[in-house]
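# Understanding the architecture of this molecule
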Amino acid sequence: MASETPKPAAAKPAASAKLQLKDYKEDVHNDWCPGCGDFGILNALQMALHELQLAPHKTAVFSGIGCSGKTPHYVKAYGIHTLHGRVMPFAQGAKLANPEMEIVAVGGDGDGYGIGAGHFMAAGRRNVDMAYIVFDNGVYGLTKGQASPTLKYGLKTKSLPAPNILDGVNPLALALSAGYTWIGRGYAYDIKGLKELMKKAVLHKGLALLDVLQPCPTYNNLHTKDWYGGADRNNQPRVYTLAEKGYDGRVRDPTNHDEVLAKKAQAFAKSEEWGDAIPIGVFYEVELPTYEERLASRIPDYLENPPAKRAIGDAQGKPATDIRHLIEDLRVL
Ligand code: SF4
């Protein structure tokens, strides 16, 4: 059933003077390979945060392990570089501890759809209000280009000794079945379009997955910028936007089972398109109660008094929690 509760105040702009784009950029060395699609994604993310005027002290970017895992180091906001495949538990935990924070999780397709696949599915069932951006390049770039979960069966990148023996997963279909309430796909070299998709993913009330097609020129010589751009077919780009075809993935009435099924079916069909025509844009969108709202229905003061706002000590600095009885219970005689 659709929720009437507006999105919490996490996306509020900074109270003071308008922030500039440079205010979202960390001035540190970047060691991604020249020509990597990660640069386009990073630029789009910084532009999206800037256009939304999110206060850096109220924004946190979490990452897993992989080339994409370095992203928080380059964005001026709170940055948390976590463990391989574990970005979603960290990021969801932070959001639940402090719902006023705007949380963006980032990671690679190996990180999110491989080792983190269990967390990926469980997150869909919760619908925590945050965005998850996956850098999808078909290889494990940081560890020399092994086949990752989105590389299709039989393909052989220059980093593989033999064609891929496993089939690839369809991440948008996984998200659809897991319960993600906003599902989109962008392209790393369509920076303006990607920026708009990121803004939509952040502003969506609920869990958003944005899968981003990201050329890895060092290890994936199949899905290159030239290939996506159609250099082998008279420069007719393979990537096209769903909007230009009049596609509409939004569910108007989440209580209408037939409408939900029809929208899911068309999103699934579109997500299977690949090869000469690769759609990007918003595949599916629905508004359902978030996990925070479900918690608030059981813990009435949760949103006003979440864990991050609770006192952990008294005026003298003594911990508010007395764990002596717990220690006693655990004592081994
Ligand atoms: Fe980018 Fe690939 Fe280099 Fe990693 S290995 S930085 S994904 S080009």
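Here, every reference points to the structure presented above.
A short tour of the structure in this document, coming up. (Residues numbered from 1 in each chain as written. Predicted model: local features only at pLDDT ≥ 70, side-chain atom pairs only at ≥ 80, totals over all residues. Heavy atoms only, no water.)

## With respect to the pattern of salt bridges
Following the criterion strictly, the structure yields 19 salt bridges and no others. Between Lys263 and Asp248 there is a salt bridge, with its nearest N and O atoms 3.9 Å apart. Taken together, the positions of Lys263 in helix α9 (residues 257-271) and Asp248 in the loop between β9 (239-241) and α9 put the pair 15 residues apart, joining distant regions of the chain. Using a relative accessible area of 32% as the deciding quantity, one classes Asp248 as partly exposed. Ionic contacts of the salt-bridge type, sharing partners, join the residues Glu51, Lys195, Glu196 and Lys199 into one network. (Salt bridge = Lys/Arg side-chain N within 4 Å of Asp/Glu carboxyl O. Helix = DSSP H or I, 4+ residues; strand = E, 2+ residues; numbered from the N terminus. Buried < 20%, exposed > 50% of the residue type's maximum accessible area, 1.4 Å probe, protein only.)

## Details of the pairing of strand β7 (residues 182-187)
Taken across its six residues, β7 has six buried, putting it largely inside the fold. Along β7, one buried face is formed by Trp182, Gly184 and Gly186 and the opposite face, lined by Ile183, Arg185 and Tyr187, is buried too. Direction of pairing for β7 relative to strand β8 (residues 207-213): parallel, over a ladder of six bridges. Residue pairing in the sheet places Gly184 in a bridge with Leu210 of β8. On the question of chirality, the crossover connecting β7 to the parallel β8 by way of helix α7 (residues 191-203) is right-handed. (Pairing = 2+ DSSP bridges. Right-handed = clockwise from strand over helix to strand, strands pointing away.)

## Focus on the environment of Ala105
Position of Ala105 relative to the elements: it lies in strand β3 (residues 102-108). The spatial distance from the C-alpha of Ala105 to the C-alpha of Phe120 is 11 Å, given a sequence separation of 15 residues. Contacts of Ala105, omitting those with residues within four sequence positions, involve Phe62, Val87, Met88, Ala91, Met130, Ala131, Tyr132 and Ile133. (Contact = heavy atoms within 4.5 Å.)

## Observations concerning the sheet that holds β7
Taken together, eight strands build an open sheet; the order of strands is β2-β1-β3-β4-β8-β7-β10-β9 and the sheet is mixed. Here the strands that pair on one side only, and so sit at the sheet edges, are β2 (78-81) and β9. If you compare each strand with its neighbour and ignore which way they point, the axes differ by 20° on average. Bridge count for strand β4 (residues 130-136) against β8 is seven bridges, and the pairing is parallel. (Axes fitted to C-alpha atoms, helices over the stretch in contact; angles between N-to-C directions.)

## Quick notes on the packing of helix α6 (residues 171-178) against α9
Close contact between α6 and α9 brings their axes to 8 Å; oriented N to C, the two are set at 160°. Overall, the two elements α6 and α9 adopt an arrangement that is roughly antiparallel. As α6 runs across α9, the sense of the crossing is left-handed. Each of Leu172, Ala173 and Leu176 in α6 lies in contact with α9, whose residues at this interface are Lys264, Ala267, Phe268 and Ser271. Taken together, the residues of the contact of α6 with α9 break down into five nonpolar, one polar and one charged. (Parallel < 35°, antiparallel > 145°, perpendicular 65-115°, else oblique. Left-handed = near helix turned anticlockwise from the far one by under 90°. Nonpolar A, V, L, I, M, F, W, Y, C, P; charged D, E, K, R; others polar.)

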